[in-house]
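Okay, here's what each chain looks like letter by letter:
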Amino acid sequence: MSNISAIVAGAAFVALAATNVVVMLEASQPSRNGTSRARLIALHRIGGYSFVILFCIMVYAMSARLAGLGITSHLPVHLVLHIVLVLLLVPLLLLKIFIVRRYKHSHSSLKGLGIAIFVISFLLVAIPTLSELLRSASPGNLGLRLATGLIVTVCLVQCALVFKNKKQSWPSVESRIPDMPAQPTPSADRENAKVPMNLVLAQIEQQTHDTKTLRFQIPNERQLRAKPGQFLTFQWPIDGQRVSRSYTISSSPIHRNYVEITPKRMENGCVSVFLNDLAQPGLTVEARGPYGQFYFDETLHKSIVLIAAGSGITPMISMLCYIDDLKLATPVTLLYCVRAVADIIFQNELARLGTSLPNFQYEVCLSQPDPAWKGQSGRLSKDFVSRHVTDPDSSTFFLCGPKGFMENARQILSTLGVKQERILQESFGESKPSMDSRPRETRLVENVVFSQSQKVCQVSAGSTLLDLAEKNGVQIPYGCRQGQCGTCATRLLSGAVQMDVEDGLTVEQKNAGYVLPCVSRAEGTVVLVA
């Protein structure tokens, strides 16, 4: 009976080690969403605890057998080897537990340790089992011959499969071309962003009572090179018309086969109502992008603070998931303001990230809290920010939310001594007033030539080039309409324009003669590539 119990315990021991490795590898797949990844991590944790408990029981049983004997030359060789493997496994288990608790971003180390633990566990069980089988078997025994033949056959089949795969992978010298695509230039990325792609709605996930996450499949022939925090401009087919709207990418840009957006339902918003109430899997929509200068760059931003309100959490969750996917050690603080608990978007995902990211802390502030709420309440305040931002001098601040919220946040940060160049913000749909003090009424009517559309249009005083393009059916993608995102950047072939702001243009675009039609007004006859 004791032998049967030992065999069962050994099989369970190896099975747990193998299961933990498989679960860990599955959880690290970029295609996994937050919910399934959280479940796999919980399963891995349960399996790990079970493995440690079973290991302790086995060590206790072995110690009981060796009590009074010690490790002497009278012990069989396989038993000495068994003891050595146990002693080797103990520090590996302790090291893995230490890394999981303190250095969660060292994902590659955890993979290596998991595989090493599995191999040692297999040897720990296989060596005494094989030794016992060989001892009890007689020479020429049919069972022994069958077992040996089976092992040899399995090894030969595995070798044949490996050889076949190598042969298919490298049929000739000419085919050994690296899979890594050439690094695109900024200009190539900009041109690629302007080329429309057809996305297909594949999955819908309810986030809150008025917010859904929509996952769209990206066509195989298109590569979406987005940065965490950027957005896409969509042409939504609603009631027989194409309605243009921009939405931030809420998924991690690590995923190349799909992209997610998370629209919040606005009572008078025709697109947000359509997406939350009527959109169904199979919907096809045309999109351009990615666009925007509001994004996280791990090479520039060594420590970040994210301040969001309402649906302004969408670019922030993209940044957080990106950091989690790459297992970056970037210190991150999120301050998230909403009305009530029911309005917390990505509540489950934030809880998962709170345990997955070792250098991430977040606080939720409710303006209309329930009596049971134990956290921060009220509006965004200097006291709230200063209590949770410990290093305002070196952190980069990302702001996203309603205009009034961001103005308040920027003012609070200024009083805390944060430099303006360390504050980035994002918003959509609000036009900035022109900084030009000259009265528009005194200007002459100007001619604008759209070269690609082959249209010559007269622009009235005070109208922007984007307004003129829309009135005359000239397609120019746009996003913020404030000169901040760079979506509408268009090359000016001749003439001069007056721009309210130039924040949305890169240095390369300025040198190449690009302008921002959303905040540009013609000064004389101009020719645009549109």
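Residues numbered from 1 in each chain as written. Predicted model: local features only at pLDDT ≥ 70, side-chain atom pairs only at ≥ 80, totals over all residues. Heavy atoms only, no water.

Q: Give me the lowdown on the sheet that holds strand 1 (residues 197–208), citing residues and values where you can.
A: Spatial ordering of the open sheet is given by 4-3-6-1-2-5, a layout of six strands whose pairing is antiparallel. Where the open sheet ends on each side, the last strands, each with one partner, are strand 4 (241–248) and strand 5 (258–261). On average, each strand axis in the sheet is inclined to that of its neighbour by 35°, with strand direction left out of account. Bridging between strand 3 (residues 231–238) and strand 6 (residues 284–291) involves four bridges; their strand directions are antiparallel. Within the sheet, the bridge partner assigned to Phe 234 lies in strand 6 and is Ala 287. Lying over the sheet, helix 7 (residues 270–278) contacts strand 2 (211–217), strand 3, strand 4 and strand 5, oriented at roughly 80° with respect to strand 4. (Pairing = 2+ DSSP bridges. Helix = DSSP H or I, 4+ residues; strand = E, 2+ residues; numbered from the N terminus. Axes fitted to C-alpha atoms, helices over the stretch in contact; angles between N-to-C directions. Contact = heavy atoms within 4.5 Å.)

Q: Which residues make up helix 11 (residues 403–415), and what values go with them?
A: The terminal C-alpha atoms of helix 11 lie 19 Å apart, and with 13 residues this matches the ideal 18 Å at 1.5 Å per residue to within 8%. Buried within helix 11 we find Phe 405, Met 406, Ala 409, Ile 412 and Leu 413. All buried residues of helix 11 fall inside an arc of 125° around its axis, so they share one side. Of the surrounding secondary structure, the elements contacted by the buried residues of helix 11 are strand 7 (304–309), strand 8 (332–338), helix 10 (382–388), strand 11 (396–400) and strand 12 (423–426). (Expected span 1.5 Å × (residues − 1). Buried < 20%, exposed > 50% of the residue type's maximum accessible area, 1.4 Å probe, protein only. Arc of directions from axis to C-beta.)

Q: Outline the packing of aromatic side chains, listing residues and values.
A: Applying the stated rule across the entire model yields nine aromatic pairs. Consider the rings of Phe 231 and Tyr 291, whose centres lie 6.2 Å apart with planes at 50°: the pair is tilted. Linking Phe 231 in strand 3 with Tyr 291 in strand 6, this pair joins segments that are 60 residues apart in sequence. Look at Phe 231 and you get buried, because its relative accessible area is 0%. The class for Tyr 291 is buried, based on a relative accessible area of 6%. Arranged with centres 5.4 Å apart and planes meeting at 85°, the rings of Phe 294 and Phe 398 form a pair that is edge-to-face. Within this pair, whereas Phe 294 is found in the loop between strand 6 and strand 7, its partner Phe 398 is found in strand 11, the two being separated by 104 residues in sequence. Summarising the burial analysis for this pair, Phe 294 and Phe 398 share the class buried. Site record: aromatic cluster; members linked through ring pairs are Phe 216, Phe 234, Trp 236 and Tyr 247. The ring of Tyr 258 carries Arg 215 above its face, with NZ or CZ at 3.8 Å from the centroid. (Phe/Tyr/Trp six-rings, centres within 6.5 Å; stacked < 30°, edge-to-face > 60°. Lys NZ or Arg CZ within 6 Å of the ring centre and 35° of its normal.)

Q: Describe in detail the nonpolar core, supporting the description with residues and values.
A: Counting 28 residues, the largest nonpolar core has Leu 306, Leu 320 and Tyr 336 as its most contacted members. When contributions to this core are tallied by element, the ones reaching two or more residues are strand 7, helix 8 (313–326), strand 8, helix 9 (347–356), strand 9 (360–366) and strand 11. Element by element, the count of residues in this core is highest for helix 8, at eight residues. (Core = buried A, V, L, I, M, F, W, Y, C linked by side-chain atoms within 4.5 Å.)

Q: Give me the environment of Gln 207: which residues, what numbers.
A: Looking at the secondary structure, you find Gln 207 in strand 1. Linking Gln 207 and Ile 345, residues 138 residues apart in sequence, is a C-alpha distance of 5.8 Å. Setting aside chain neighbours within four positions, we find Gln 207 in contact with Lys 212, Thr 213, Thr 262, Ile 345 and Phe 346. A polar atom in the side chain of Gln 207 sits 3.5 Å from the backbone nitrogen of Phe 346. (Polar contact = N/O pair within 3.5 Å; in protein donor to acceptor, adjacent residues only side chain to side chain.)

Q: Any details on the pattern of salt bridges? Residues and values, ideally.
A: The tally for this structure, following the rule as stated, stands at 13 salt bridges. Two residues, Lys 327 and Asp 324, come together in a salt bridge whose shortest N-O distance is 3.3 Å. Residue classification places Lys 327 among the partly exposed positions, given a relative accessible area of 24%. In this structure Asp 324 comes out as buried when scored by relative accessible area, which is 1%. Ionic pairing is found between Arg 352 and Asp 324, a salt bridge with its closest N-O pair at 3.1 Å. Placement of Arg 352 in helix 9 and of Asp 324 in helix 8 is noted, with a sequence separation of 28 residues between them. Assessed through its relative accessible area of 6%, Arg 352 is described here as buried. One continuous salt-bridge network, built from bridges that share partners, spans Asp 324, Lys 327, Glu 349 and Arg 352. (Salt bridge = Lys/Arg side-chain N within 4 Å of Asp/Glu carboxyl O.)

Q: Summarise the sheet that holds strand 17 (residues 514–515); cite the residues concerned and give the values.
A: Read from one edge to the other, the open sheet built from five strands follows the order 14-13-19-15-17, with strand pairing classed as mixed. Each edge of the sheet is formed by a strand with only one pairing partner; in this case those strands are strand 14 (455–459) and strand 17. In this structure, strand 13 (residues 446–450) lies alongside strand 14, joined through five bridges in antiparallel fashion. Within strand 14, the position partnered with Asn 447 by the bridge is Gln 458.

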